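Residue strings, one per chain:
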Amino acid sequence: MANIPIPIPTRHARTAPPASPPTARRPGDRSPDRSAPTGLPPAAGTPVTPAVTPALTPAALRTLVSELAERPEEWIGKVRLSVGDRWYERLSGGPDHEIWLISWLPGQSTGFHDHGGSRGAFTVALGELEELSLGEADGELHSRRLPAGTVRAFGPAFLHDVRNTAGGPAVTIHAYSPPLSAMARYELRASGLRRTAVEVAEQW
Ligand SMILES: [Fe+2]
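Residues numbered from 1 in each chain as written. Predicted model: local features only at pLDDT ≥ 70, side-chain atom pairs only at ≥ 80, totals over all residues.

A. How the structure looks around the pairing of strand E4 (residues 119-126). In terms of burial, E4 is largely enclosed, as 8 of its 8 residues are buried. Of the pairings in the sheet, the one linking E4 to strand E9 (residues 170-177) comprises 7 bridges and is antiparallel in character. The partner of Arg 119 across the bridge, within E9, is Ser 177. Across 4 bridges, the pairing between E4 and strand E7 (residues 151-154) is antiparallel. Looking at the pairing, Gly 120 lines up with Phe 154 of E7. (Buried ≥ 20, exposed ≤ 12 C-beta atoms within 10 Å, placed from the backbone. Helix = DSSP H or I, 4+ residues; strand = E, 2+ residues; numbered from the N terminus. Pairing = 2+ DSSP bridges.)

B. Quick peek at the sheet that holds strand E5 (residues 128-134). If you walk across this open sheet you meet the 3 strands as E6-E5-E8, and the pairing is antiparallel. Edge positions in the sheet fall to strand E6 (141-147) and strand E8 (161-163), since each has one partner strand and no second. Pairs of neighbouring strands in the sheet enclose a mean axial angle of 20°, with direction left out of account. As defined by bridge partners, E5 adjoins E8 across 3 bridges and the pair is classed as antiparallel. Among the inter-strand pairings, Leu 132 is bridged to a residue of E8, identified as Asp 161. (Axes fitted to C-alpha atoms, helices over the stretch in contact; angles between N-to-C directions.)

C. Representation of the confidence of the model for the protein chain within the structure. Scored by pLDDT, the protein chain comes out at a mean of 83, with 75% of its residues at no less than 70. Predicted confidence for residues 18-42 stays below pLDDT 50, and this span has 32 contacts to residues more than four positions away or in other chains. (pLDDT = per-residue confidence, 0-100. Contact = placed C-beta atoms within 7 Å.)

D. Summary view of helix H1 (residues 58-69). Compared with the 16 Å implied by 1.5 Å per residue over 12 residues, the 16 Å span of H1 between its first and last C-alpha is a close match. Of all 12 residues in H1, 9 are buried; the element is thus mostly enclosed. Looking only at H1, the buried set comprises Pro 58, Ala 60, Leu 61, Arg 62, Thr 63, Leu 64, Val 65, Leu 68 and Ala 69. Where H1 is buried, its residues touch strand E2 (98-104), E4, E7 and E9. (Expected span 1.5 Å × (residues − 1).)

Structural data, given as structure tokens:
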């Protein structure tokens, strides 16, 4: 897969963050911490409210990106590279999750960011990346190499900085649940991470 040529367009469709087919949702994907049907009818006089779409678990999102990466015919032809910033395209989306395709040239990075409370997972489909994060236990900065085939999954409070420090381009597939609505950016200072900006979905 590493030998597949990637076209370089004169301009890219989008620059900044992360489809699975509509049938990707499967039994067992529902998060256990969201309310589930009790099987009991509502009491008389109880207003009928729309059902809240449960979020997918990190494990379910991991499965989505892993399986999609194994089907390059569904995304390889969409990949572009951008010299200005990471290139990205939303492959699919629905009420409970969305999937993004992102390309990374050497030197391109996200900076530290959260995911606005969404859960997520991503996999390196081509190339190699590096991920920086602060250890929950020690607060120390940790670096992790992410060679092709690596899958990372995380909960709603996770922060990281993902960068291409390798010598060639990389392609990743990301899944978020619920779909990304906002992302905060952070600066790493001696005292820790400091929030510096918030982006909302309309900006990307
Ligand atoms: Fe991220």
